[in-house]
Amino acid sequence: MCERKCVLPNGVTGVCGNYVNTSGVLYHRGYGRLSAIESRPIEIKPLYHYWPGSTALTYSNYGCNFYCPWCQNDHLSFVKPSGSEEYIPPEKLVELAVLKGDEGLSASFNEPLTNLDYVVDATEIAVKHGLYSMMVTNMYFTVKSLKTVLDAGVDGFSADIKGCPQMKRALVGVDHEVVFRNARIALDHGAHVEIVYLVVTNTNDFKECYEWIISKHLDYLGLEAPLHVNRYHPAHRWREPPTPISKLLEIREYALQQGLKYVYVGNTWNPDYESTKCPRCGKTLIYRSGYRVLDFKLDSSSGRYKCPRCGEVIPIKGRYVEKHFY
Ligand code: SF4
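A short tour of the structure in this document, coming up. Since the structure is predicted, the reported quantities are computational estimates derived from the model, not experimental observations.

### What about the environment of G163?
For step 1, the next point in the chain: Among the structural elements, G163 can be located in the loop between β7 (156-161) and α5 (177-188).
For step 2, the next point in the chain: G163 sits 79 residues away from P242 along the chain, and the two C-alpha atoms are 17 Å apart.
For step 3, the next point in the chain: Apart from the residues within four sequence positions on either side, G163 is in contact with H176, N204, C209, W212 and I213.

### Focus on the state of the cysteines
For step 1, the next point in the chain: This structure, assessed with the given rule, holds one disulfide.
For step 2, the next point in the chain: Across a sulfur-sulfur distance of 2.1 Å, C164 and C209 are joined as a disulfide pair. With the S-S bond torsion at -115°, the cross-link from C164 to C209 turns out left-handed. Separated by 45 residues along the polypeptide, C164 in the loop between β7 and α5 and C209 in helix α6 (residues 207-221) bring together distant segments of the chain.
For step 3, the next point in the chain: As a non-bridged cysteine, C281 has C307 as the owner of its nearest cysteine sulfur, 3.7 Å distant.
For step 4, the next point in the chain: Note on C310: no disulfide assigned, nearest cysteine sulfur contributed by C278 at a separation of 3.5 Å.

### A short note on the nonpolar core
For step 1, the next point in the chain: In terms of nonpolar packing, the biggest core is built from 74 residues, with F157 and I195 touching the most fellow members.
For step 2, the next point in the chain: Broken down by element, the residue count for this core peaks at seven residues, all from helix α3 (residues 116-128).
For step 3, the next point in the chain: In terms of nonpolar packing, the next biggest core, distinct from the first, is built from 14 residues, Y48, L285, I286 and Y305 among them.

### Section: the packing of aromatic side chains
For step 1, the next point in the chain: This structure, assessed with the given rule, holds 16 aromatic pairs.
For step 2, the next point in the chain: Ring plane angle 45° and centroid distance 5.6 Å describe the contact between Y67 and F78, whose orientation is recorded as tilted. With Y67 in the loop between β4 (55-60) and α1 (74-77) and F78 in the loop between α1 and α2 (90-100), this residue pair connects regions lying eleven residues apart in the sequence.
For step 3, the next point in the chain: A residue is classified by how much of its surface remains accessible, and F78, at 29% relative accessible area, is partly exposed.
For step 4, the next point in the chain: Between W269 and Y291 the ring centres are 5.5 Å apart and the planes differ by 85°, which places this aromatic pair in the edge-to-face class. With W269 in the loop between β10 (263-266) and α8 (271-274) and Y291 in the loop between β12 (284-289) and β13 (292-296), the pair connects residues that are 22 residues apart, well separated along the chain.

### Things to note about α3
For step 1, the next point in the chain: Its 13 residues give α3 an end-to-end C-alpha distance of 19 Å, which sits within 8% of 18 Å, the value for a rise of 1.5 Å per residue.
For step 2, the next point in the chain: Every buried residue of α3 is listed here: L116, Y118, V119, V120, A122, T123, I125 and A126.

### Some thoughts on the site of the ligand
For step 1, the next point in the chain: Around the ligand sit M1, C2, R4, K5, C6, G14, V15, C16, Y19 and N65, and that is every residue in its neighbourhood.
For step 2, the next point in the chain: Grouping the amino acids of the shell around the ligand by side-chain chemistry returns six nonpolar, two polar and two charged.

### Side note on the packing of α5 against α6
For step 1, the next point in the chain: Running from amino to carboxyl end, α5 crosses α6 at an angle of 25°, the nearest separation of the two axes being 9 Å. Relative to α6, the element α5 lies roughly parallel. You can see that α5 and α6 cross each other, and the crossing is right-handed. Facing E177, F180, R181, A183, R184 and L187 of α5, the residues of α6 in contact are W212, I213, K216, H217, Y220 and L221.
For step 2, the next point in the chain: A class-by-class count of the residues in the contact of α5 with α6 yields seven nonpolar, one polar and four charged.

### Observations concerning the sheet that holds strand β5 (residues 104-107)
For step 1, the next point in the chain: Pairing is mixed across the open sheet formed by eight strands, whose spatial order is β3-β4-β5-β6-β7-β8-β9-β10. Here the strands that pair on one side only, and so sit at the sheet edges, are β3 (36-41) and β10. Across the sheet, the mean angle separating the axes of adjacent strands is 25° when strand polarity is ignored.
For step 2, the next point in the chain: For strand β6 (residues 132-137) and β7, the ladder comprises four bridges, and the chain directions are parallel. Note on β7: the bridge partner recorded for T137 is A159.

### Here's the deal with the sheet that holds β12
For step 1, the next point in the chain: Strand order across the open sheet formed by three strands is β11-β12-β13, with antiparallel pairing between neighbours. Whereas interior strands pair on both sides, the edge strands pair on one side only; in this sheet they are β11 (276-277) and β13.
For step 2, the next point in the chain: Relative to β13, β12 is paired through four bridges, and the arrangement is antiparallel. In the strand pairing of β13, R288 is matched with V293.

Quick notes on the rules
Residues numbered from 1 in each chain as written. Predicted model: local features only at pLDDT ≥ 70, side-chain atom pairs only at ≥ 80, totals over all residues. Heavy atoms only, no water. Helix = DSSP H or I, 4+ residues; strand = E, 2+ residues; numbered from the N terminus. Contact = heavy atoms within 4.5 Å. Disulfide = S-S within 2.5 Å. Core = buried A, V, L, I, M, F, W, Y, C linked by side-chain atoms within 4.5 Å. Buried < 20%, exposed > 50% of the residue type's maximum accessible area, 1.4 Å probe, protein only. Phe/Tyr/Trp six-rings, centres within 6.5 Å; stacked < 30°, edge-to-face > 60°. Expected span 1.5 Å × (residues − 1). Near = heavy atom within 4 Å. Nonpolar A, V, L, I, M, F, W, Y, C, P; charged D, E, K, R; others polar. Axes fitted to C-alpha atoms, helices over the stretch in contact; angles between N-to-C directions. Parallel < 35°, antiparallel > 145°, perpendicular 65-115°, else oblique. Left-handed = near helix turned anticlockwise from the far one by under 90°. Pairing = 2+ DSSP bridges.

Rendered as structure tokens:
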């Protein structure tokens, strides 16, 4: 499933705890053993240019293929499935999404690559019901597994970039470029991708690192793919202090100087950093606060979303869904 490419001799389980070789047969022990199911706004993922205002029935399983020492979902990611947890068939998941009035499904919380055949099955059913299907993922797919989920109908990715090759303190040995390679493949397939860079203090926040990330973003994805520069808070084993806002703004400024059109700063609860502005005339087009769309000003009369003041086309996949959360 993923670029760790575990080799499993008889009786051995892969790093993520989900796949086991039993006498030459590969079993997915964690298939459909869900750890959470919850409707959530798409903006929380975060995806800002994909079905804005909608909600997705968000589901997770157990385990992960990475070991980020600052993981905020360690109660799910660092637990391996035993196979005796509650089983929710994919049909039931989709039925629940329809009942709750969600527009789509979101595989999230822990790493969905560890539940990939379930994501594929749920997506195929969801698409038949007119729902979208997206993933919040470290994007460490093999090319083959990525093409499998794209062909099933997954068409949105909130893709985490964890760092850069110059990092010394964590995730050493991870091929970070895989994220961008796969994001490009997904874009070429017609899917939507936003890159999420959690800026971890004294870990992946140094100049050489963010310059590498932004240069890869430009090389692989161009100027239009949104970038989220997100604030870290201490979690799991990592005790570095929260990212200073000044550091986030320094990175945002650099990304804008390089020509990126949509750069957001997240986890700061500041609507100015969360809202979408027209890259041509500066008008606020989608006003967000606390990961909610509070005002949507884009003009869709031509069949595309455009700035009502200067006519700039703003890339949005899906349609705006007006929901009232309060
Ligand atoms: S999905 Fe799990 S078992 Fe498969 S290669 Fe990745 S870590 Fe290993």
